[in-house]
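Chains, contacts and geometry: an overview
As a plain string of letters, each chain reads:
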Amino acid sequence: MEKYPLEELAKIKKKRYDQAVIALEKKRAELQEEEEKLKTIEKERDEVQLHKEEKLMQLRETLDEGTNTDTLTQMKNYLSVVEERLSEKESKVSAQKNQVEKKQKEVDEARELVFAREKDLEKLKEHQKTWEQEQASEQGRQDEKEQDELGAAGHTLKKIEKSRRSRRNKHN
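Residues numbered from 1 in each chain as written. Predicted model: local features only at pLDDT ≥ 70, side-chain atom pairs only at ≥ 80, totals over all residues. Heavy atoms only, no water.

A word on the nonpolar core
Membership of the largest hydrophobic core is limited to 12 residues, which are Tyr-17, Ala-20, Leu-24, Leu-31, Leu-38, Ile-41, Val-93, Val-100, Val-107, Ala-110, Val-114 and Leu-121. Residue assignment for this core shows that the elements contributing at least two residues are helix H1 (7-65) and helix H2 (69-171). When sequence neighbours within four positions are dropped, the list of residues in contact with Tyr-17 reads Val-114, Arg-117, Glu-118 and Leu-121. (Core = buried A, V, L, I, M, F, W, Y, C linked by side-chain atoms within 4.5 Å. Buried < 20%, exposed > 50% of the residue type's maximum accessible area, 1.4 Å probe, protein only. Helix = DSSP H or I, 4+ residues; strand = E, 2+ residues; numbered from the N terminus. Contact = heavy atoms within 4.5 Å.)

Here is the structure:
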């Protein structure tokens, strides 16, 4: 049987599929890395939030005790610094969430590409299967035709041989 005419195309499609799978795995790893960064940044933000809450409680207790204004001013100033740090952490969390969303979109796009490449590959495999069946059928028809021709030739030879024998018998 002859070689599948689209064999080279099949190899190219398989290579593209393999590359898409590798790219998807890479994108997934990048997404996971960005998610880990987000968890770390959220943890830092939560620590600053907890620190702020502790300082607020301390300020309330100090107010209840009736401390002097200098101490209260220092505590309020420190609380503003903590709020500023918290604001910075919140903006970092927001920026990292955007990064995670971006990476998730890249993963989704890579997944779609893998799906499309796989679909192309499956279509080509189906085509190859159909082609091979057609080739086998054609080969069967060719073999049958050759057998018919051989049979007809054999029959003709037998007729010729029979007529020669009958001529010989008549002459004898």
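Now that the structure has been shown, we can carry on.
Notes on H1
Taking 1.5 Å as the rise per residue, H1 with 59 residues should run 87 Å; its terminal C-alpha atoms sit 87 Å apart, in good agreement. The positive-phi residue at the C-terminal boundary of H1 is Gly-66, with phi of around 85 degrees. (Expected span 1.5 Å × (residues − 1).)

Side note on the pattern of salt bridges
Per the counting criterion, the structure on display carries 15 salt bridges. Among the ionic pairs, Asp-120 bridges to Lys-13, the shortest N-O distance being 3.9 Å. Remark: Lys-13 occurs in helix H1 and Asp-120 occurs in helix H2; sequence separation between them is 107 residues. Since its relative accessible area comes to 32%, Asp-120 is described here as partly exposed. The closest approach of N and O atoms between Glu-138 and Arg-141, which form a salt bridge, is 2.8 Å. Here the residue Glu-138 and the residue Arg-141 both occupy positions in helix H2, the gap between them amounting to 3 residues, near one helical turn. Look at Arg-141 and you get partly exposed, because its relative accessible area is 47%. What you see here is one network of salt bridges that share partners, running through Lys-27, Glu-30, Lys-103 and Glu-106. (Salt bridge = Lys/Arg side-chain N within 4 Å of Asp/Glu carboxyl O.)

Some details on a positive patch on the surface
Side chains of Lys-162, Arg-164, Arg-165, Arg-167, Arg-168 and Lys-170 sit close together on the surface and give a patch of like positive charge. Residue classification places Arg-167 among the exposed residues on the basis of a relative accessible area of 54%. (Patch = residues over 30% accessible without salt bridge, like charges linked within 9 Å, V, L, I, M, F, W, Y side chains within 5 Å. Areas by Shrake-Rupley, 256 points an atom, 1.4 Å probe, with all protein chains shown as cover. Lys, Arg positive; Asp, Glu negative; His and termini not counted. Charge placed at Lys NZ, Arg CZ, Asp CG, Glu CD.)

Considerations on the packing of aromatic side chains
Counted under the stated rule, the structure contains 1 aromatic pair. The interplanar angle of 65 degrees and the centroid separation of 5.3 Å between the aromatic rings of Tyr-4 and Trp-131 together place this pair among those described as edge-to-face. With Tyr-4 in the segment before H1 and Trp-131 in helix H2, this pair connects stretches of sequence that are 127 residues apart. What makes Tyr-4 buried here is its relative accessible area of 4%. (Phe/Tyr/Trp six-rings, centres within 6.5 Å; stacked < 30°, edge-to-face > 60°.)

Focus on the environment of Gln-128
Within the element layout of this structure, Gln-128 appears in helix H2. Note: C-alpha distance between Gln-128 and Ala-10 (118 residues apart in sequence) is 9.1 Å. The residues touching Gln-128, leaving out its near neighbours within four places in the chain, are Tyr-4 and Glu-7.

Some words on the side chain of Lys-89
Following the sequence through the fold, Lys-89 ends up in helix H2. Overall, Lys-89 belongs to the buried group, its relative accessible area being 18%. Separated by 3.1 Å, the side chains of Lys-89 and Glu-44 make a polar contact. (Polar contact = N/O pair within 3.5 Å; in protein donor to acceptor, adjacent residues only side chain to side chain.)

A short note on a negative patch on the surface
A cluster of acidic residues, Asp-143, Glu-144, Glu-146, Asp-148 and Glu-149, forms a negative patch on the protein surface. The topology assignment puts Glu-149 in helix H2.

Function-wise, these values are silent; they only describe arrangement.
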